[in-house]
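Listed below are the residues making up each chain.
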Amino acid sequence: MTDCDVCVIGSGAGGGPVAFSLSNAGYSVIVLEKGPWFTEKDFFKDEIGECRRHKFTPNLRDEPHVVEEQDDDGTWSAQSTYKSGWDFWNGVMVGGASNLMSGFFLRMKPTDFALKSTFGPIDGADIVDWPITYDDLEPYYALVEREVGVSGRVIQHPYQEPRSTPDFPFPPTAEHPLATWIDRAGPKIGVHPFPLPRAVLSRPANGRGSCSYSGYCGGYGCATGAKGNARAALLDRAVKNGRCEVRAECMARRIITGPDGRAREVEYHDKDGKVQRISAKIVVVACQPIETSRLLFLSANEKFPNGLANNSGNVGRFLLFSAAASAEGAFSYKKFSESQVRELQSPQPFINRTVHDWYTIDDRTFGPRSKGGSMDFIFIHPNPISLARFFAFSNDRRMVWGSRLKNDLKHYINDARHVIVEIFGDWLPTDDCRVTLDPEVKDKWGLPVARVRMNSHPWQKKVARYLADRAAEVLEAAGSDDVISEGSASPSTNLPAGTCRFGKDPTTSVLDPDCRAHEVDNLFVTDGSFMPTGGSVPYTWTIYANSFRVADKIIRQLGGRETLVAGA
Amino acid sequence: VKERGNKEFVALSERERERVLRDFEDTHEGDLWLTLVLGYTLEAYVGDPSYGGNPDEVVWRWLGHRPGFPRPPKQTEATRR
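Residues numbered from 1 in each chain as written. Chains lettered and ligands numbered in written order. Predicted model: local features only at pLDDT ≥ 70, side-chain atom pairs only at ≥ 80, totals over all residues. Heavy atoms only, no water.

Caption draft 1: Broad picture of the overall build of chain B. When its secondary structure is counted, chain B shows 3 helices and 0 strands. Written out in order from the N terminus, the α and β elements of chain B read α-α-α. Classification of the 81 residues of chain B by burial places 31% in the buried group. Considering only contacts within chain B whose residues lie at least 6 apart along the sequence, 12% involve residues at least 24 apart. Of the accessible surface of chain B, which amounts to about 5600 Å², a share of 56% is contributed by carbon and sulfur atoms. (Helix = DSSP H or I, 4+ residues; strand = E, 2+ residues; numbered from the N terminus. Buried < 20%, exposed > 50% of the residue type's maximum accessible area, 1.4 Å probe, protein only. Contact = heavy atoms within 4.5 Å. Areas by Shrake-Rupley, 256 points an atom, 1.4 Å probe, with all protein chains shown as cover.)

Caption draft 2: Here's a closer look at helix α1 (residues 16-24) of chain A. Residue and element names in this part refer to chain A. Extensive coverage of α1 is indicated by the burial of 8 of its 9 residues. Inspection of α1 places Gly16, Pro17, Val18, Ala19, Phe20, Ser21, Leu22 and Ser23 among the buried residues, and these make up the whole buried set. Downstream of α1 by one or two residues, Gly26 has phi in the positive range, about 105°.

Caption draft 3: Region of interest: the environment of Cys500(A). Mapped onto the elements of the fold, Cys500(A) is located in the loop between β20 (497-499) and β21 (523-525). Along the backbone, Cys500(A) and Pro532(A) are 32 residues apart, and their C-alpha atoms lie at a distance of 8.0 Å.

Caption draft 4: Representation of a nonpolar patch on the surface in the model. Residues and elements named next belong to chain B. On the surface, Trp33, Leu36, Val37 and Tyr40 cluster together into a nonpolar patch covering about 400 Å² of accessible area. Mapped onto the secondary structure, Trp33 falls in helix α2 (residues 28-46). Given the relative accessible area of 39%, Trp33 is considered partly exposed. (Patch = residues over 30% accessible without salt bridge, like charges linked within 9 Å, V, L, I, M, F, W, Y side chains within 5 Å. Salt bridge = Lys/Arg side-chain N within 4 Å of Asp/Glu carboxyl O.)

Caption draft 5: Molecular detail of the interface of chain B and chain A. Listed as interface residues are 33 residues of chain B and, on the opposing side, 35 residues of chain A. Run the count over chain B and chain A and you get 4 salt bridges. A salt bridge links Arg398(A) to Glu25(B); the nearest nitrogen and oxygen atoms lie 2.9 Å apart. Listing elements by their share of the side of chain B that touches chain A, those giving two or more residues are α1 (14-25), α2 and α3 (58-63) of chain B. The greatest single-element share of the side of chain B that touches chain A, amounting to 10 residues, is contributed by α2(B). Class assignment for the residues of the side of chain B that touches chain A results in 16 nonpolar, 7 polar and 10 charged. (Nonpolar A, V, L, I, M, F, W, Y, C, P; charged D, E, K, R; others polar.)

Caption draft 6: Layout of the sheet that holds strand β11 (residues 322-332) of chain A. Residue and element names in this part refer to chain A. Read from one edge to the other, the open sheet built from 6 strands follows the order β5-β12-β15-β16-β11-β19, with strand pairing classed as antiparallel. Two strands bound the open sheet, and with one partner strand each, they are β5 (194-195) and β19 (481-486). Where β5 and strand β12 (residues 353-355) come together, 2 bridges link them in antiparallel fashion. Its bridge partner being in β12, Phe194 is matched across the sheet by Thr354. Lying on the sheet, helix α12 (residues 458-477) is in contact with β11, β15 (373-379), β16 (416-426) and β19; it crosses β11 at an angle near 20°. (Pairing = 2+ DSSP bridges. Axes fitted to C-alpha atoms, helices over the stretch in contact; angles between N-to-C directions.)

Caption draft 7: Examining the pairing of strand β3 (residues 66-70) of chain A more closely. Residue and element names in this part refer to chain A. In the sheet, β3 pairs with strand β4 (residues 76-80) via 5 bridges, with the strands oriented antiparallel. Bridged to Gln70 within β4 is Trp76. Across 4 bridges, the pairing between β3 and strand β18 (residues 448-454) is parallel. In the sheet register, Glu69 faces β18, and the bridge partner there is Met454.

Caption draft 8: Spotlight on the environment of Val285(A). Residues and elements named next belong to chain A. Relative to the elements of secondary structure, Val285 occurs in strand β9 (residues 275-285). Taking the relative accessible area as the measure of exposure, Val285 reaches 0% and is therefore buried. When near neighbours in sequence (up to four residues on either side) are disregarded, Val285 contacts Ile9, Ile255, Thr292, Leu295, Leu523, Phe524, Val525, Thr526 and Asp527.

Caption draft 9: Fine view of the sheet that holds β18(A). Residues and elements named next belong to chain A. Pairing in this open sheet of 4 strands is mixed, and the strands run β4-β3-β18-β17 from one edge to the other. The open sheet has two edge strands with one neighbour each: β4 and β17 (434-442). Direction aside, neighbouring strands of the sheet carry axes that sit 30° apart on average.

Caption draft 10: Region of interest: the confidence of the model for chain B. Scored by pLDDT, chain B has a mean of 89; 86% of the residues are at 70 or more. Taken together, the chains of this predicted complex give a pTM of 0.97 and an interface ipTM of 0.93. (pLDDT = per-residue confidence, 0-100.)

Caption draft 11: Broad picture of the packing of helix α10 (residues 384-393) of chain A against α2(B). Axis separation between α10(A) and α2(B) bottoms out at 9 Å; the angle between their running directions is 145°. Crossing of α10(A) against α2(B): the hand is right-handed. From α10(A), Pro384(A), Ile385(A), Ala388(A), Arg389(A), Ala392(A) and Phe393(A) reach across to α2(B), where they touch Thr35(B), Leu38(B), Gly39(B), Leu42(B), Glu43(B) and Val46(B). Across the contact of α10(A) with α2(B), the residue classes break down as 8 nonpolar, 2 polar and 2 charged. (Left-handed = near helix turned anticlockwise from the far one by under 90°.)

Caption draft 12: Fine view of helix α5 (residues 134-149) of chain A. Across the 16 residues that make up α5(A), a large majority, 12, are buried. Considered for burial, the residues of α5(A) that qualify are Tyr134(A), Leu137(A), Glu138(A), Tyr140(A), Tyr141(A), Ala142(A), Leu143(A), Val144(A), Glu145(A), Glu147(A), Val148(A) and Gly149(A).

Caption draft 13: Structural context of the pattern of salt bridges. As enumerated under the stated definition, the model contains 47 salt bridges over all chains in all. One salt bridge in this structure joins Glu138(A) and Arg107(A), with 2.9 Å as the shortest N-O distance. Pair noted here: Glu138(A) is in helix α5 and Arg107(A) is in the loop between α3 (81-84) and α4 (115-119), with a separation of 31 residues, a long-range link. For Arg107(A), a relative accessible area of 1% gives the class buried. In this structure, the salt-bridge partner of Asp26(B) is Arg398(A), at a minimum N-O distance of 3.1 Å. One end of the pair, Asp26(B), is in the loop between α1 and α2; the other, Arg398(A), is in the loop between α10 and α11 (402-414), on a second chain. We classify Asp26(B) as exposed; its relative accessible area is 54%. Owing to a relative accessible area of 25%, Arg398(A) belongs among the partly exposed residues under this scheme.

Caption draft 14: Molecular detail of the nonpolar core. Residues and elements named next belong to chain A. One finds Ile255 and Leu523 to be the most contacted residues of the largest nonpolar core, which totals 102 residues. For Ile255, the residues in contact, after removing those within four places along its chain, are Ile9, Ala263, Glu265, Val283, Val285, Leu295, Leu296, Ser299, Leu308 and Leu523. The next biggest cluster of nonpolar side chains, apart from the first, holds 35 residues, and it includes Leu178, Ala327, Ile361 and Val419. (Core = buried A, V, L, I, M, F, W, Y, C linked by side-chain atoms within 4.5 Å.)

Caption draft 15: Seen up close, the pairing of strand β7 (residues 251-257) of chain A. Residue and element names in this part refer to chain A. Most of β7 is tucked away: 5 of the 7 residues are buried. With 6 bridges connecting them, β7 and strand β8 (residues 263-269) associate as antiparallel partners. Each residue of the ladder has a partner; that of Thr257, found in β8, is Ala263. What sits between the antiparallel neighbours β7 and β8 is a turn of 5 residues, in which Gly261 has the positive phi angle 80°.

Caption draft 16: Broad picture of unusual backbone geometry. Look at the link from Phe69(B) to Pro70(B): it is a cis peptide, with omega at 0°. Positionally, Pro70(B) belongs in the segment after α3. In this structure, Gln288(A) is a non-glycine residue whose phi angle is positive, near 85°. Looking at where Gln288(A) falls in the secondary structure, it is placed in the loop between β9 and α8 (289-298). The buried category is assigned to Gln288(A), whose relative accessible area is 17%.

The following block contains the structure:
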């Protein structure tokens, strides 16, 4: 007898669907989560408490990472994030970082599953096709729309990926009037803006409330349960069915294998720091890519001297982020009529538009036909302390204070609406972007911390620059001025993926196409680690969908009936 | 540092205060100290009134800033982290 059928390590978008599906199918599940268990009652729109005081992330003194970067002359140097302040943690709590997302939900497109065969190789990047296709994942994207709750509206446009259902199960959230301005700008420059789906409920469902349109969505916990985080959408329901137990503030320290080389027990520190063990038939790792790799490394033993399931040496390789770029513009009130200004000042927090005209770049001035990216439109985050800090500290030479700071802030907030186009592009997999264990730095439990080697491929910078310029054109066509565009090379630390890529060949991948470790047949990885390439959209919907898909494989391995088959 | 010409900082004219602070900003420790103090000042200035600054949302009203909800409960010594 084991303590449970399935032990899931990590409770975010990767762990939630497994706990939900397996417990619904009648199996016992124990979820270990390092962070605390907040509920809706614990979340406030409190910039000091929630954004500036590490309420949702560990203190970097206790739990740093080490980041290794290359200088201009080619030498690598490493620094602890406790020293640099460069925080790689996201949401460390029950439900994980999905508590803090803005909920821009986009499916990957069919070409994202076959980047190499569609666009060919790129020198210095290890691009591969996925071992599954869009059609394998489509039913699970649809399942996420229902179970996690995705609101939106399907319209005719040239970039719609195939859908098994005609429309979203929830109508779109209320849109800011600027959405119409962007819609009108589209035809002027030949682009096709369309409604952005969102993992935010537009009406109550499954015991969760509807969106309250308070704003302060991204970076904050949701006080109504409308945001489709893994806790509100899945774990709360799984716990109610009586077969799923969530152990918060429990930090997994290693996975123990038996003489047969199969996963047998998970060893963890409980709330009081005591070492405990859980035995399980199946172990699922979903700690987010950097920490998932770290746990496999920490689980090294005689059979797996380089880390669990890592005799091939592939764990930790090809860490991905999203290749970010942006454009920012002001809609200055002095340029517009009174009624237009009233529209701009409307309180709806969501613009809900996305542009995919450059998802594939087909432009001779750029070069060969290439993978591009997606864009969405957001108002600049209304956090007043961040804005004030921006004006105080972003001058190169001098801090800004006193009446000049007050004037800058007042002018910025009262004379215009400021809109950012966020751009998501493919972060190319390279050997210089990977996770290992740091040989020296340890966390508060005495365990070696993850060391992140970080580099970005020059090609993705070229793509980012191109997309940023196109985004600026869209903003200008919609009526914005003072547009600044930027193709950033720095990683989006809130969107990590890769490090345990899935594939058919056990010599070049960690996981098989079912996200089962090639080398350990009762060990699965269901966070974003499985992705060999990331697509040009935020990863969350794909992580949810894949985790539901893998949950069905686990149910089959345990001898049960898959949810999609049973529910069909 | 806070005194020049044997005068308390608060007794200086605005121009003189600015000069004292800018001179201090040019030193390494002054830069660090001012960054910290200005950062905390801004938190008190435009942060939630429950922390004791921005009384009756006076700064938010002057600024035309719309806060979100739910708002945090009043902070006490016990709830302060």
